[in-house]
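Residue-level structure breakdown
Here is what each chain is made of, one letter per residue.
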Amino acid sequence: MKEMTPQEVQAYLEKNPEASVIDVREAAEVRAGKIPQAVNIPLGLIEFRKQELDQSKEHILVCRSGNRSGMAGLYLEGYGFEVINMTGGMLEWDGPTE
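Residues numbered from 1 in each chain as written. Predicted model: local features only at pLDDT ≥ 70, side-chain atom pairs only at ≥ 80, totals over all residues. Heavy atoms only, no water.

**Brief notes about the sheet that holds strand β1 (residues 2-4)**
Judged by pairing direction, the sheet is parallel, and its five strands sit side by side in the order β1-β5-β4-β2-β3 without closing on themselves. For this open sheet the edge positions go to β1 and β3 (39-40), each flanked by a neighbour on one side alone. Where β1 and strand β5 (residues 82-86) come together, three bridges link them in parallel fashion. Note that in β5 the partner of Lys2 across the bridge is Ile84. Running over the sheet, helix α1 (residues 6-15) touches β1, β2 (20-23), β4 (58-62) and β5 and is turned about 90° from β1. Strand contacts of helix α4 (residues 67-77): β4 and β5, with the helix running at about 170° to β5, the strand carrying the most contacts. (Pairing = 2+ DSSP bridges. Helix = DSSP H or I, 4+ residues; strand = E, 2+ residues; numbered from the N terminus. Contact = heavy atoms within 4.5 Å. Axes fitted to C-alpha atoms, helices over the stretch in contact; angles between N-to-C directions.)

**Things to note about the environment of Gln51**
Inspection of the secondary structure puts Gln51 in the loop between α3 (46-49) and β4. Judged by its relative accessible area of 58%, Gln51 falls in the exposed class. Side-chain polar atoms of Gln51 contact the backbone oxygen of Phe48, separated by 2.9 Å. (Buried < 20%, exposed > 50% of the residue type's maximum accessible area, 1.4 Å probe, protein only. Polar contact = N/O pair within 3.5 Å; in protein donor to acceptor, adjacent residues only side chain to side chain.)

**A short note on the side chain of Asn85**
With respect to the helices, strands and loops of the structure, Asn85 is situated in strand β5. Assessed through its relative accessible area of 4%, Asn85 is described here as buried. Apart from the residues lying within four places of it in its own chain, the contact partners of Asn85 are Met1, Lys2, Glu3, Met4, Leu61, Gly66, Ser69 and Gly70.

**Observations regarding the pattern of salt bridges**
By the definition in use, this model includes five salt bridges. Of the charged contacts in the structure, one is a salt bridge between Glu29 and Arg68, with a shortest N-O distance of 2.8 Å. With Glu29 in helix α2 (residues 27-30) and Arg68 in helix α4, the pair connects residues that are 39 residues apart, well separated along the chain. The class of Glu29 is partly exposed, set by a relative accessible area of 23%. A salt bridge links Lys34 to Glu98, with the shortest nitrogen-to-oxygen separation between them at 2.9 Å. Here Lys34 is found in the loop between α2 and β3, whereas its partner Glu98 is found in the segment after β5, with 64 residues between them in sequence. Assessed through its relative accessible area of 13%, Lys34 is described here as buried. For Glu98, a relative accessible area of 54% puts it in the exposed group. (Salt bridge = Lys/Arg side-chain N within 4 Å of Asp/Glu carboxyl O.)

In short, shape yes, function no, at least from these values alone.
What follows is the structure in structure tokens.
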């Protein structure tokens, strides 16, 4: 699985504003702030909502520290998705949030 630091993701999103970002944290965590274009699909629901994801796109996965997004990435890769795990997660994100 590919990995990017939060700084690399921020630079990537500035050049690719249409990029897919999936935040796998729980809804309560996301309310504290998320990357603006991120879609929240909690890790426990990935199995049931993966059909909502465009398999032709690469998806950046985000969580609090990078662990849950890594688990989601391994799971999605098993179904043929192209994913990037944001290492360090939102703990290290200093970009815009909403």
